[in-house]
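Residue strings, one per chain:
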Amino acid sequence: NRPMIPGNRKFLTNECAHNWQYNGQTIVFCTEGHLIEGQHRLQGCIDSGIPIVSYVVVGIPHSAQSTMDSGKTRTGKDTMAMNCHSHPGELAATARLIRGCWKFGICVAATMYKQTNHEAEKFPSEWPNVHASVALGVRMNKMTVIPAPVISACYFLTMRDDPVTAEHFWDTFENTGPGCAWDDPAMALRRYKRPGGRGTSVRQVHWLRIVVKAWNLYKAGEKVSQILLADDETVTMRHCPSNTTGA
């Protein structure tokens, strides 16, 4: 069989222990008795100590293994689209980022959270207001360099933190004009430029930490003309674990 992939092994160990849902996929053994499909699922059972329910197929020619897993992997976006959600890509990315923040805090690990398609599918029903967050992120992304999923996730998180203040913060961010002070953190966030200039690749965690930093300044009633963030600065938010490792 192919070498064990550590990330897949860890992922499926967690799935077997907490989230396993039978979906018709099979465990396959060839005519020589060798396992040719399902090694990560079975290893997940061993690592978690919890059995799963699955069909087992035996007697398949070993040569058939080369045809397995050769198609495109189904993504969170595909799952959202199959459930007829608007903006399926942004919705899946927003749900993943929110779950990452809830698990790891406002840090790089949050942006690397590996969301299952089942988790993606459940999120809109568990948190229906995420649709409003995604719609706002898509709309605001047209007027700022901040990625839509980051805006959507941060809107969702700030609304859980302090809904009244969050409405004022995002209204100021979106509707700049008379009455909006230059030194308002929401205005400073709106003016924020991509580090390194146009075309420079910027990690998602940078955008996440910048938005949350602006939010915390706004909540504290502070006035700033620009948002500054040190690489090792800790950024926290209510309902998310505190992370002291910076970016």
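Predicted model only: the values in this text are computed from it and were never measured. (Residues numbered from 1 in each chain as written. Predicted model: local features only at pLDDT ≥ 70, side-chain atom pairs only at ≥ 80, totals over all residues. Heavy atoms only, no water.)

**Q** Teacher, can you tell me more about unusual backbone geometry here?
**A** Phi is mostly negative for residues that are not glycine, and the peptide bonds are mostly trans. Of note in the backbone geometry, Cys84 takes a positive phi value of approximately 65° without being a glycine. Structurally, Cys84 can be placed in the loop between helix H3 (76-82) and helix H4 (88-104). Unusually for a residue other than glycine, His87 sits at a positive phi of about 50°. Along the polypeptide, His87 turns up in the loop between H3 and H4. Under the relative-accessibility criterion, His87 is labelled partly exposed at 36%. (Helix = DSSP H or I, 4+ residues; strand = E, 2+ residues; numbered from the N terminus. Buried < 20%, exposed > 50% of the residue type's maximum accessible area, 1.4 Å probe, protein only.)

**Q** Whenever I open this one, the pattern of salt bridges confuses me. Can you help?
**A** If charged atoms from side chains of opposite charge come close, those side chains can pair. Considering all chains together, one arrives at five salt bridges under this definition. Glu174 is the salt-bridge partner of Arg139, the closest N and O atoms lying 2.6 Å from each other. With Arg139 in helix H7 (residues 130-140) and Glu174 in helix H9 (residues 163-174), this pair connects stretches of sequence that are 35 residues apart. Its relative accessible area of 38% is what places Arg139 among the partly exposed residues. Among the salt bridges present, the one from Lys213 reaches Glu233, with a minimum N-O distance of 3.0 Å. Of this pair, Lys213 sits in helix H11 (residues 204-219) while Glu233 sits in the segment after H11; the two residues are 20 residues apart in sequence, bridging distant segments of the chain. (Salt bridge = Lys/Arg side-chain N within 4 Å of Asp/Glu carboxyl O.)

Such coordinate-based values are descriptive only and should not be taken to indicate function.
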